[in-house]
Amino acid sequence: MAKKPYYITTAIAYASGKPHIGNTYEIVLADSIARYKRFIGYDVRFQTGTDEHGQKIETKAFESLSTPQEFVDERAAEIKRIWDLMNTSYDKFIRTTDKDHEAEIQAIFRKLYEKGDIYKGKYEGLYCTPCESFWTKGQLVDGCCPDCGRPVKPASEEAYFFRMSKYADRLIKYIEDNPDFIQPESRKNEMVNTFLKPGLQDLCVSRTSFKWGIPVDFDPKHVVYVWIDALSNYITGLGYHANGESDPMFKKYWPCDLHLIGKDILRFHTIYWPIMLMALDIPLPKQVFGHPWLIQSDGKMSKSRGNVLYADDMVDYFGVDAVRYFLLHEMPFENDGVVSWELMIERFNSDLANVLGNLVNRTISMSNKYFGGFVENLGANDAIDEDLKKTVIGTRLSVNKCMDKLRVADAITEIWNLFKRCNKYIDETMPWAIAKEDHMRDRLSTVLYNLVESITIGATLLEPFLPDTSERILKQLNTEKRAVTELGQFGLYPSGNRVTDSPEILFQRVDEAKMLDEIALRFPPKEPEKEEPKAEKKEEKTEPTSVENLVKQQITIEEFDKMQLQIGEVLSCEEVPKSKKLLCSQVQVAGRVLQIVSGIKNYYSPEDMVGKKVVVITNLEPAKLAGVVSEGMLLCAEDENGNLALLTAEKDVPAGSMIS
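Not measured: the values here are computed from a predicted model.

Cut-offs and rules
Residues numbered from 1 in each chain as written. Predicted model: local features only at pLDDT ≥ 70, side-chain atom pairs only at ≥ 80, totals over all residues. Heavy atoms only, no water. Axes fitted to C-alpha atoms, helices over the stretch in contact; angles between N-to-C directions. Helix = DSSP H or I, 4+ residues; strand = E, 2+ residues; numbered from the N terminus. Left-handed = near helix turned anticlockwise from the far one by under 90°. Contact = heavy atoms within 4.5 Å. Pairing = 2+ DSSP bridges. Buried < 20%, exposed > 50% of the residue type's maximum accessible area, 1.4 Å probe, protein only. Polar contact = N/O pair within 3.5 Å; in protein donor to acceptor, adjacent residues only side chain to side chain.

1. Structural notes on the packing of helix α6 (residues 185–196) against helix α10 (residues 266–279)
Part 1 of the argument: Two elements in contact, α6 and α10, have axes separated by 11 Å at closest approach and are oriented at 60°. You can see that α6 and α10 cross each other, and the crossing is right-handed. In contact with Arg 187, Met 191, Phe 195 and Leu 196 of α6, α10 contributes Leu 266, Arg 267, Thr 270 and Ile 271.

2. Some details on the sheet that holds strand β9 (residues 203–204)
Part 1 of the argument: An order of β6-β5-β7-β9 is seen for the four strands of this open sheet, with the pairing classed as antiparallel. Where the open sheet ends on each side, the last strands, each with one partner, are β6 (133–135) and β9.
Part 2 of the argument: Judged from the three bridges that link them, strand β5 (residues 118–128) and β6 form a sheet pairing that is antiparallel. For Leu 126, the partnering residue across the bridge sits in β6 and is Trp 135.
Part 3 of the argument: In the packing of α10 onto the sheet, the strands contacted are β6, β7 (153–162) and β9, and the crossing angle to β7 comes to about 35°.

3. As for the side chain of Glu 330
Part 1 of the argument: Mapping Glu 330 onto the fold places it in helix α12 (residues 320–330).
Part 2 of the argument: With a relative accessible area of 13%, Glu 330 lands in the buried category.
Part 3 of the argument: Within polar-contact distance, the side chain of Glu 330 engages the side chain of His 329 at 2.9 Å.
Part 4 of the argument: Here the side chain of Glu 330 touches Arg 347 through a polar contact of 2.5 Å, side chain to side chain.
Part 5 of the argument: Excluding anything up to four places from it in sequence, Glu 330 contacts Tyr 325, Gly 337, Leu 343 and Arg 347.

That's the geometry; what it means functionally is another story.
Below, the structure written as structure tokens:
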């Protein structure tokens, strides 16, 4: 029976620099899904790659005294090196400078032009070079790009445009008829209500102000703009041909089962890309999943802030599978995850070294100590064994349920629950005590057999997430990975088999203080450049006796208008050291993350804060509170007893929405 095809893609990485640990999360996440799908019987096609055209690339190449092609060749090689280092099992690494891709983009552009969906016009607007996006004045935030927060500049040039509005109603209907198309659910509401229903403008799809791009073959002074060039990689990589018969691979794997992308580019993949496919008369992908970000504990990673972490640096200290575990386990389903050296060390010591590594080592060592490494099921069962077996056998279904919903972190938690249950089983049965009783030899042998069998099943389930660790465990147990159909049975480990007589340490505990000292010497922190706040004379505060009698001096509408109020989403929150009142929150507002310190610790825990949509003053001059820089203010209501309540959005509106 032929396997069912499954096509999964990542966004293609922009070849402007080295990918940081947050970028690396996406490829590792996609790899775990691809490996799991292969394990349960799918014929998987896994594609990733690099986006290599555009003005930003052209500018960076000029600054580095190299040609654009030389520049992207070097960057693409570095991206591929990181993906390979992380042991990702992609089937295709596509580059948008591949000649077959470039030829197909020209054919796609011509087809859409001849169909009337692309027309020539003139663009006048405000342009963000890093994002390669045009904006109207009303879309700017603080006069800057709403996506990245950087300055924009006026631009005017002849361009070709794609008729987006022609397909808007059709796309809305498709989204409504296919509720799983955009995931998570919260992202879907934002796309429909914020971008589609208010009306779509036609999309600029060519440029003349730079040359590093794919020329429009019938008008070569134009180069194809990023949207058609980059997004079309998902079909050109399968052998799609706009002017003729597509390759069998395209017919086999399209429509795509899953586009896995960052939440910041969801609009392009759920609006621009589906409409392009509609215009080409190609079926739409089955699902687009906008995963959250992995951010540093002091905010979104930025080279200018000096808080960027790279996968290869972390691998130097912890190894590939430990970094994979951290990336996959620490990222929530919808909210952003937080990464730091301290948290990585904590997880390494507690989860990997203690729970898993110690379990495997203890089990193999006891098997060697008491039975010369031979593992036999002598049938000396006890009622306590049944709960262990129930947990172990049930893990397969729990993991599958999580993976069906792309809840990878939850799937790993289920596997770790299996390992924790094994450790508890050791504490319950106390093999070292049984070993003292000669008449309990059969029971001791059975206990160790149950542990080896349980670990075998756990290691099999672990393979999609930590492939090398899974292989090392199974090798030490002298067995092979189970087939998925065998995971519902307990007792398939060959009785009488012999484990290794030289168990290796899977994860050696690290000294946190020593490692942090080494890391600090290698990666000295870079202080963000911020102006010192001006000292202000504080007025003496008079406590109100009730909520009605505090009246401040009247202000004009012009004075009020100076305050910029926006909706922000709390990405992470932590207590401020040595402070009894302060919490430090990382708050996403449009394309930037503000660090905001608030005196609300007595009313909200850090866990309560994460995910809240709060009202923020975003144009306050930075100030230091307890030595921590605060870049804004969360608004609260206060009653007559001094109790605080955060002001939050009544409806689920996007972070960055203006309050007026």
